[in-house]
Amino acid sequence: MKAMYYDAFGTTPDIRMLPDPTPSKDGVVIKVEATGLCRSDWHGWMGHDPDIALPHVPGHELAGTVAATGRQVLRYKVGDRVTVPFVSGCGRCGECHSGNAQVCPNQFQPGFTHWGSFAEYVAIDFADQNLVHLPENLDYATAASLGCRFATSFRAIVDQGRVRGGEWVAVHGCGGVGLSAIMIASALGANVIGIDISETKLSFAREVGAVATIDGSVTGDIAEAVREITKGGAHVSIDALGSPVTCFNSIKNLRRRGRHVQVGLMLGEHAAPQIPMAQVIGHELEIYGSHGMQAWRYEAMMAMLETGKLNPQKLIGRHISLEEAVPALMTMDTAQDLGISVITQF
Ligand SMILES: [Zn+2]
Ligand SMILES: [Zn+2]
């Protein structure tokens, strides 16, 4: 198969031919039809992710058709159109049994713990527990874009943040995660404020549902600006970027008993950010992480897609080739791309 491959962190990846994968006994091989490019791929390529062993094939947001199945797989057959959460649980541990495969200690992550989907084929373990059938009218590129940012945002807003209609939600960072969070919170009836340093991204944020935006490049005190718009602070705030500044602001701008959800990854030098802990205690704030979403929760998200309440296809930016993904991956931390780039040519 053709794949993107690197054997050292931070060096230009190759496009090269590698042996086709074979399924494990409880896994499948998927022919990749579309796969999204994400900041976590950049973190991985930089060497920030301890799960990655070299040499490596990145890619974790994917959709495609089942090309081969292991002998124990019962629920999927060759030709099925599927996607998969980027965290796949083992199905056998306590976390998985409690419905929380997204924190399974034996988790399988394509593109991190195993070779990923920047390739013509990808092997996925624990298939029966984690694959998700695609509705007929859902195209592969949109389905691929759900796997990480959109699904993670859905869990962050709906399950972790418990956003309700009429609440104020602040979203720090209007990249793929942030725009998804804005769209989802807005669909639930919340009033959403988008915060970014790019006016282009802020105008996109308003297009997908933000009722107000704050340009961080010209606003001195962002927490104060949020407090002013919301008359006292956000009920729920999301750090969709993952940086010490956005994390701090996202907690700082909460009203009393507000909920902060950390979605953007904090790796490398950002692994131990400053937290306004006195405010967390005095105002009884709640702080959550959000790490992917379990396959069984896709049903609720898919239902909102099918009825048109959510339109993740709006968030797709460029369709690119595997070759074009090499420079795109390497410049992911500084690129000003609007929306999600998806590889659809291999
Ligand atoms: Zn498990
Ligand atoms: Zn991702």
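None of the values given here were measured: they were computed from a predicted structure.

Rules of the game
- Residues numbered from 1 in each chain as written.
- Chains lettered and ligands numbered in written order.
- Predicted model: local features only at pLDDT ≥ 70, side-chain atom pairs only at ≥ 80, totals over all residues.
- Heavy atoms only, no water.
- Phe/Tyr/Trp six-rings, centres within 6.5 Å; stacked < 30°, edge-to-face > 60°.
- Helix = DSSP H or I, 4+ residues; strand = E, 2+ residues; numbered from the N terminus.
- Buried < 20%, exposed > 50% of the residue type's maximum accessible area, 1.4 Å probe, protein only.
- Lys NZ or Arg CZ within 6 Å of the ring centre and 35° of its normal.
- 1 Å grid on protein atoms, 1.4 Å probe; cavity = no way out; pocket = protein on both sides within 12 Å on 5 of 7 lines; lining within 4 Å.
- Points joined across faces, edges and corners; volume = space filled by probe spheres on them.
- Nonpolar A, V, L, I, M, F, W, Y, C, P; charged D, E, K, R; others polar.
- Polar contact = N/O pair within 3.5 Å; in protein donor to acceptor, adjacent residues only side chain to side chain.
- Contact = heavy atoms within 4.5 Å.
- Salt bridge = Lys/Arg side-chain N within 4 Å of Asp/Glu carboxyl O.
- Pairing = 2+ DSSP bridges.
- Axes fitted to C-alpha atoms, helices over the stretch in contact; angles between N-to-C directions.

Trainee: How would you explain the packing of aromatic side chains if you had to name every residue and give the values?
Mentor: Under the criterion given, the structure shown has 2 aromatic pairs. Between tyrosine 5 and tryptophan 115 the ring centres are 6.2 Å apart and the planes differ by 90 degrees, which places this aromatic pair in the edge-to-face class. Residue tyrosine 5 is located in strand S1 (residues 2-5), and its partner tryptophan 115 is located in the loop between helix H2 (94-97) and strand S6 (121-124); the two are separated by 110 residues in the primary sequence. The exposure class assigned to tyrosine 5 is buried, which follows from its relative accessible area of 11%. By relative accessible area, tryptophan 115 is classed as partly exposed at 35%. The positively charged end of arginine 81 is found above the aromatic ring belonging to tyrosine 140, 4.7 Å away from the centroid.

Trainee: Describe the layout of surface pockets, listing the residues and the values that go with them.
Mentor: By volume, the second largest pocket amounts to about 300 Å³. Lining the second largest pocket are 19 residues; nearest its centre among them are Gln129, Leu131, Val132, Ala295 and Trp296. Taken together, the elements giving at least two residues each to the lining of the second largest pocket come down to helix H3 (127-130), strand S7 (132-133) and helix H10 (298-306). Per-class residue counts for the lining of the second largest pocket are 9 nonpolar, 7 polar and 3 charged.

Trainee: With reference to specific residues and values, describe the side chain of serine 88.
Mentor: Secondary-structure assignment places serine 88 in the loop between strand S5 (81-83) and H2. Reaching out from serine 88, the side chain makes a polar contact with the backbone oxygen of proline 85 at a distance of 3.5 Å. Beyond its immediate chain neighbours, meaning those up to four positions away, serine 88 contacts Gln107, Phe108, Phe126 and Asn130.

Trainee: Explain the pattern of salt bridges residue by residue, including any values.
Mentor: Under the counting rule described, the total for this entry stands at 12 salt bridges. Measuring nitrogen to oxygen at the nearest pair gives 2.8 Å for the salt bridge that ties glutamate 323 to lysine 2. With glutamate 323 in helix H11 (residues 322-330) and lysine 2 in strand S1, the pair connects residues that are 321 residues apart, well separated along the chain. Taking relative accessible area as the criterion, glutamate 323 reaches 38% and is therefore assigned partly exposed.

Trainee: Can you break down the sheet that holds strand S9 (residues 191-196) residue by residue, with the values?
Mentor: As summarised here, the arrangement of the 6 strands in space is S10-S9-S8-S11-S12-S13, forming an open sheet in which the pairing is parallel. Edge strands, defined here as strands with exactly one partner in the open sheet, are strand S10 (212-215) and strand S13 (286-289). In this sheet, adjacent strand axes meet at a mean angle of 20 degrees when their direction is disregarded. Each of S9 and S10 touches helix H6 (residues 199-207); the most contacted strand, S10, lies at about 170 degrees to it.

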